[in-house]
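Read off the chains here:
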Amino acid sequence: MKLLLKLEDIAKVIAAYSLSLYLGYSWWVFLAWLLAPDLSMFGYLFGTKTGAWLYNFFHHQGVAIVAGLIGLYLGIDWLQFAGLILFGHSAMDRAFGYGLKFNDNFKHTHLGWIGRQ
């Protein structure tokens, strides 16, 4: 089951990348922005609750889909692209075993604990 879920998330990253190409962005632009959502980790400077909330907001696939759809509806290309980046990044994180964070510890995710225990 773990392998199947990882393959699904890899397919999501590929889909997000392909859609960015369809929108007319150069091949490297998606890759250049792919790690941008990790800037939300700076929220941990203000504590684990704030950090987890901010991190989860920018790594939630529902938020990514809503952002992309609003961009599509309003015809705002950069918002469509932002949705694809958020979606692709969150799928990439999940493929690597990084999930949404609990309030108690950065390493405690909905997919389990990160690293050795």
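Residues numbered from 1 in each chain as written. Predicted model: local features only at pLDDT ≥ 70, side-chain atom pairs only at ≥ 80, totals over all residues. Heavy atoms only, no water.

1. Brief notes about the overall build of the chain
- When helices and strands are tallied, the chain shows 5 helices and 2 strands.
- Going from N to C terminus, the chain has its helices and strands arranged as α-α-α-α-α-β-β.
- In terms of overall dimensions, the chain is globule-like: its C-alpha atoms have a radius of gyration of 15 Å, near the 13 Å expected for 117 residues.
- Counting only C-alpha atoms and orienting by the principal axes, one finds that the chain spans roughly 45 × 35 × 25 Å.
- Out of the 117 residues belonging to the chain, those deemed buried represent 37%.
- Surface summary for the chain: the accessible area is close to 7,600 Å², and the carbon and sulfur share equals 72%. (Helix = DSSP H or I, 4+ residues; strand = E, 2+ residues; numbered from the N terminus. Rg over C-alpha atoms; globule rule 2.2 N^0.38 Å. Buried < 20%, exposed > 50% of the residue type's maximum accessible area, 1.4 Å probe, protein only. Areas by Shrake-Rupley, 256 points an atom, 1.4 Å probe, with all protein chains shown as cover.)

2. Focus on the pattern of salt bridges
- Considering all chains together, one arrives at 1 salt bridge under this definition.
- As a salt-bridge pair, K12 and D9 come within 3.5 Å of each other at their nearest N and O atoms. Taken as a pair, K12 and D9 lie in helix α1 (residues 2-22) at a separation of 3 residues, close to a single helical turn. (Salt bridge = Lys/Arg side-chain N within 4 Å of Asp/Glu carboxyl O.)

3. Some words on the nonpolar core
- The biggest cluster of nonpolar side chains holds 13 residues, and the ones touching the most others in it are A16, F30 and F81.
- Secondary-structure elements contributing two or more residues to this core are α1, α2 (27-33) and α5 (77-95).
- Element by element, the count of residues in this core is highest for α5, at 7 residues.
- Excluding residues within four positions of it along the chain, F30 makes contact with V13, A16, Y17, S20, F81, L84, I85 and G88. (Core = buried A, V, L, I, M, F, W, Y, C linked by side-chain atoms within 4.5 Å. Contact = heavy atoms within 4.5 Å.)

4. Details of the confidence of the model for the chain
- Mean pLDDT over the chain: 95, with 98% of residues reaching 70 or higher.
- Here strand β2 (residues 112-113) stands out as the least confident element of the chain, with mean pLDDT 86; helix α4 (residues 61-74) is the most confident, with 98. (pLDDT = per-residue confidence, 0-100.)

5. Looking at empty space enclosed by the protein
- Considering all chains together, one arrives at 1 cavity of 30 Å³ or more under this definition.
- Empty space within the largest cavity amounts to approximately 30 Å³.
- Residue classes in the lining of the largest cavity are distributed as 3 nonpolar, 3 polar and 2 charged. (1 Å grid on protein atoms, 1.4 Å probe; cavity = no way out; pocket = protein on both sides within 12 Å on 5 of 7 lines; lining within 4 Å. Points joined across faces, edges and corners; volume = space filled by probe spheres on them. Nonpolar A, V, L, I, M, F, W, Y, C, P; charged D, E, K, R; others polar.)

6. Some points on α5
- Its 19 residues place the ends of α5 27 Å apart at the C-alpha level, agreeing with the 27 Å of an ideal helix rising 1.5 Å per residue.
- For α5, the tally of buried residues reaches 16 of 19 residues, placing the bulk of the element in the interior.
- Immediately beyond the C-terminal end of α5, within one or two residues, lies G97, with a positive phi of roughly 95°. (Expected span 1.5 Å × (residues − 1).)

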